[in-house]
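Here is what each chain is made of, one letter per residue.
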Amino acid sequence: MTNPIHPQARIGHVHLKVADLERAIAFYSGVLGFELQQRFGTQAAFLGAGGYHHHIGLNTWESKGGKPPAPGTTGLYHTAFLYPDRAQLADALRRVVAAGVPLEGAADHGVSEAIYLRDPDGNGVELYRDRAPEDWPRDAEGNLKMVNAHLDLHALLAEAPRD
(Lines give C-alpha, C1' and ligand atoms only; values in the text may rest on other atoms or scores of the structure.)
Protein backbone atom coordinates (compact mmCIF):
# COMPACT_ATOMS: atom_id res chain seq x y z
CA MET A 1 0.00 0.00 0.00
CA THR A 2 1.57 3.27 -1.05
CA ASN A 3 -0.61 5.72 0.91
CA PRO A 4 -1.92 4.15 4.13
CA ILE A 5 -4.46 5.99 6.25
CA HIS A 6 -3.05 8.28 8.92
CA PRO A 7 -2.26 6.21 12.07
CA GLN A 8 -4.41 8.44 14.29
CA ALA A 9 -7.57 7.97 12.18
CA ARG A 10 -10.39 6.38 14.19
CA ILE A 11 -14.00 5.40 13.74
CA GLY A 12 -15.73 8.33 15.38
CA HIS A 13 -19.30 7.06 15.68
CA VAL A 14 -21.83 4.59 14.43
CA HIS A 15 -25.28 5.63 13.24
CA LEU A 16 -27.94 2.91 13.39
CA LYS A 17 -31.37 2.56 11.85
CA VAL A 18 -33.73 1.36 14.59
CA ALA A 19 -37.38 0.33 14.71
CA ASP A 20 -38.23 1.99 18.04
CA LEU A 21 -36.23 5.02 19.17
CA GLU A 22 -37.23 4.88 22.84
CA ARG A 23 -36.38 1.17 23.08
CA ALA A 24 -32.97 1.81 21.48
CA ILE A 25 -32.25 4.73 23.84
CA ALA A 26 -33.23 2.54 26.80
CA PHE A 27 -30.66 -0.06 25.70
CA TYR A 28 -27.74 2.21 24.78
CA SER A 29 -28.32 4.62 27.68
CA GLY A 30 -30.10 2.55 30.32
CA VAL A 31 -28.09 -0.66 29.89
CA LEU A 32 -24.74 0.38 28.40
CA GLY A 33 -24.65 3.79 30.09
CA PHE A 34 -24.12 6.16 27.15
CA GLU A 35 -25.46 9.66 27.87
CA LEU A 36 -28.19 11.20 25.74
CA GLN A 37 -26.63 14.30 24.16
CA GLN A 38 -29.38 15.47 21.81
CA ARG A 39 -32.71 14.48 20.29
CA PHE A 40 -34.11 15.42 16.92
CA GLY A 41 -37.80 15.26 17.74
CA THR A 42 -39.17 11.74 17.94
CA GLN A 43 -37.07 10.36 15.09
CA ALA A 44 -33.41 10.56 16.10
CA ALA A 45 -31.11 10.73 19.11
CA PHE A 46 -27.39 11.07 19.69
CA LEU A 47 -25.59 9.47 22.64
CA GLY A 48 -22.00 9.75 23.83
CA ALA A 49 -19.55 9.03 26.61
CA GLY A 50 -17.56 11.60 28.53
CA GLY A 51 -19.46 14.56 27.09
CA TYR A 52 -18.54 13.73 23.47
CA HIS A 53 -21.18 14.93 20.99
CA HIS A 54 -22.00 11.38 19.94
CA HIS A 55 -20.56 7.94 19.65
CA ILE A 56 -23.94 6.50 18.65
CA GLY A 57 -26.59 7.97 16.42
CA LEU A 58 -30.02 6.33 16.38
CA ASN A 59 -32.78 7.10 13.91
CA THR A 60 -36.12 5.82 12.64
CA TRP A 61 -36.08 7.85 9.40
CA GLU A 62 -36.26 4.74 7.19
CA SER A 63 -36.84 2.03 9.75
CA LYS A 64 -39.67 2.90 12.18
CA GLY A 65 -41.41 -0.36 13.07
CA GLY A 66 -38.99 -2.27 10.83
CA LYS A 67 -37.63 -5.76 11.24
CA PRO A 68 -33.97 -6.77 11.65
CA PRO A 69 -32.20 -8.01 8.50
CA ALA A 70 -32.64 -11.71 7.86
CA PRO A 71 -29.75 -14.03 8.73
CA GLY A 72 -27.47 -14.67 5.78
CA THR A 73 -27.74 -11.13 4.41
CA THR A 74 -25.05 -8.50 4.17
CA GLY A 75 -24.82 -5.57 6.54
CA LEU A 76 -23.17 -4.54 9.78
CA TYR A 77 -21.69 -7.53 11.65
CA HIS A 78 -21.30 -5.65 14.93
CA THR A 79 -20.38 -2.37 16.51
CA ALA A 80 -17.52 -2.63 18.99
CA PHE A 81 -17.23 -0.44 22.07
CA LEU A 82 -13.73 -0.20 23.52
CA TYR A 83 -13.44 0.08 27.30
CA PRO A 84 -10.29 1.56 28.87
CA ASP A 85 -9.47 -1.42 31.11
CA ARG A 86 -10.62 -4.80 32.39
CA ALA A 87 -12.48 -3.33 35.39
CA GLN A 88 -14.64 -1.16 33.12
CA LEU A 89 -15.33 -4.10 30.80
CA ALA A 90 -16.37 -6.05 33.90
CA ASP A 91 -18.71 -3.20 34.84
CA ALA A 92 -20.24 -3.29 31.35
CA LEU A 93 -20.80 -7.04 31.72
CA ARG A 94 -22.42 -6.43 35.12
CA ARG A 95 -24.84 -3.92 33.52
CA VAL A 96 -25.75 -6.32 30.71
CA VAL A 97 -26.33 -9.24 33.09
CA ALA A 98 -28.39 -7.06 35.47
CA ALA A 99 -30.59 -5.96 32.55
CA GLY A 100 -31.18 -9.57 31.53
CA VAL A 101 -29.66 -9.08 28.08
CA PRO A 102 -28.56 -12.48 26.75
CA LEU A 103 -24.95 -12.92 25.68
CA GLU A 104 -24.15 -14.49 22.32
CA GLY A 105 -20.56 -15.21 23.19
CA ALA A 106 -17.35 -14.14 24.87
CA ALA A 107 -13.73 -14.62 23.84
CA ASP A 108 -10.15 -13.92 24.73
CA HIS A 109 -8.51 -12.95 21.44
CA GLY A 110 -5.03 -12.54 22.90
CA VAL A 111 -4.99 -8.89 21.86
CA SER A 112 -8.31 -8.23 23.57
CA GLU A 113 -11.12 -9.66 25.68
CA ALA A 114 -14.63 -9.39 24.21
CA ILE A 115 -18.28 -9.96 25.06
CA TYR A 116 -20.87 -10.29 22.29
CA LEU A 117 -24.61 -9.54 22.40
CA ARG A 118 -27.42 -8.02 20.33
CA ASP A 119 -29.25 -4.75 20.77
CA PRO A 120 -33.08 -4.71 20.69
CA ASP A 121 -33.01 -4.28 16.87
CA GLY A 122 -30.81 -7.33 16.35
CA ASN A 123 -27.61 -5.36 15.69
CA GLY A 124 -24.45 -7.09 16.86
CA VAL A 125 -22.66 -5.40 19.76
CA GLU A 126 -19.16 -6.17 21.00
CA LEU A 127 -17.95 -4.84 24.34
CA TYR A 128 -14.18 -5.22 24.66
CA ARG A 129 -10.91 -4.08 26.15
CA ASP A 130 -7.51 -4.17 24.49
CA ARG A 131 -4.37 -5.52 26.07
CA ALA A 132 -1.21 -3.42 25.81
CA PRO A 133 0.45 -3.94 22.39
CA GLU A 134 3.58 -5.35 24.05
CA ASP A 135 1.39 -8.15 25.48
CA TRP A 136 -0.16 -9.16 22.13
CA PRO A 137 0.63 -12.74 21.08
CA ARG A 138 3.07 -13.07 18.19
CA ASP A 139 4.54 -15.96 16.24
CA ALA A 140 8.26 -16.70 15.89
CA GLU A 141 8.59 -14.13 13.08
CA GLY A 142 6.90 -11.40 15.15
CA ASN A 143 3.60 -11.48 13.25
CA LEU A 144 0.38 -10.92 15.17
CA LYS A 145 -1.22 -14.21 16.24
CA MET A 146 -4.75 -13.55 17.46
CA VAL A 147 -6.71 -16.41 19.06
CA ASN A 148 -10.29 -17.25 19.92
CA ALA A 149 -9.96 -18.69 23.43
CA HIS A 150 -12.41 -19.06 26.33
CA LEU A 151 -13.08 -15.93 28.41
CA ASP A 152 -13.96 -16.66 32.04
CA LEU A 153 -16.97 -14.41 32.61
CA HIS A 154 -17.20 -15.21 36.32
CA ALA A 155 -13.60 -14.07 36.85
CA LEU A 156 -14.29 -10.97 34.77
CA LEU A 157 -17.41 -10.11 36.80
CA ALA A 158 -15.39 -10.43 40.00
CA GLU A 159 -13.30 -7.47 38.79
CA ALA A 160 -16.30 -5.11 38.40
CA PRO A 161 -16.04 -1.97 40.51
CA ARG A 162 -18.23 -2.04 43.62
CA ASP A 163 -20.81 0.73 44.09
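That block above? That's the structure.
Computed from a predicted model, the values in this text were never measured in an experiment. Counting from 1, residues in each chain are numbered in the order their sequence is written. Local features in a predicted model are, by the rule used here, given only for residues with pLDDT of at least 70; side-chain atom pairs are given and counted only at 80 or more, and totals for whole chains, interfaces and linings are based on all residues. Side-chain measures here rest on the full set of heavy atoms in the structure, leaving out hydrogens and waters.

A. Spatial organisation of the overall build of the protein chain. Counting from the N terminus, the helices are the DSSP runs of H or I reaching at least four residues and the strands are the DSSP runs of E reaching at least two. The number of helices and strands found in the protein chain is three helices and eight strands. Each helix and strand of the protein chain, ordered N terminal to C terminal, gives the series β-α-β-β-β-β-α-β-β-β-α. Its C-alpha atoms give the protein chain principal-axis dimensions of roughly 55 × 50 × 35 Å. Residue burial is assigned from relative accessible area. The probe radius is 1.4 Å, only protein chains are included, and a residue is buried under 20% of its type maximum, exposed over 50%, and partly exposed in between. The proportion of buried residues among the 163 residues of the protein chain is 36%. Whether two residues are in contact is decided by their heavy atoms, any of which lying within 4.5 Å being enough. When contacts within the protein chain are restricted to residue pairs at least 6 apart in sequence, long-range pairs at least 24 apart make up 57% of them. For the protein chain, the accessible surface area stands at approximately 10,200 Å², while carbon and sulfur atoms represent 54% of it. Note that accessible areas follow from Shrake-Rupley with a 1.4 Å probe, and for residues the cover is restricted to the protein chains shown.

B. How the structure looks around the pattern of salt bridges. Within this document, salt bridges are pairs made up of a side-chain nitrogen of Lys or Arg and a carboxyl oxygen of Asp or Glu, the two lying within 4 Å of each other. Under the definition given, this model contains ten salt bridges. Between R23 and D121 there is a salt bridge; the shortest N-O distance is 2.8 Å. Placement of the pair is R23 in helix α1 (residues 21–31) and D121 in the loop between β7 (112–118) and β8 (124–130), with a sequence separation of 98 residues. The class of D121 is buried, set by a relative accessible area of 8%.

C. Summary view of the sheet that holds strand β4 (residues 56–59). Between any two strands, pairing holds if DSSP finds at least two bridges. Ordered by their spatial adjacency, four strands build an open sheet running β1-β4-β3-β2, and the pairing between neighbours is mixed. Taken across any chain shown, the strands that pair with only one partner, and hence form the sheet edges, are β1 (14–17) and β2 (35–40). Averaged over all pairs of adjacent strands, the angle between their axes in this sheet comes to 20 degrees, without regard to strand direction. Sheet topology places β1 next to β4; four bridges connect them, and they run parallel. Lines fitted to the C-alpha atoms define the axes, with helices restricted to the stretch that makes contact. Angles between their N-to-C directions range from 0 to 180 degrees.

D. Just the packing of aromatic side chains, in detail. Between rings of Phe, Tyr and Trp, where Trp is taken as its six-membered ring, a pair exists when centres lie within 6.5 Å; planes separated by under 30 degrees are stacked, by over 60 edge-to-face, and by other angles tilted. As enumerated under the stated definition, the model contains four aromatic pairs in all. Their ring planes at 90 degrees and their centres at 4.9 Å tell us that F27 and Y28 sit as a pair that is edge-to-face. Measuring from centroid to centroid gives 5.1 Å for F34 and F81, while their planes differ by 55 degrees, and the two rings are tilted. Here F34 is found in the loop between α1 and β2, whereas its partner F81 is found in strand β5 (residues 79–83), with 47 residues between them in sequence. We classify F81 as buried; its relative accessible area is 9%. A connected cluster of aromatic rings, assembled from ring pairs, spans F27, Y28, F34 and F81.

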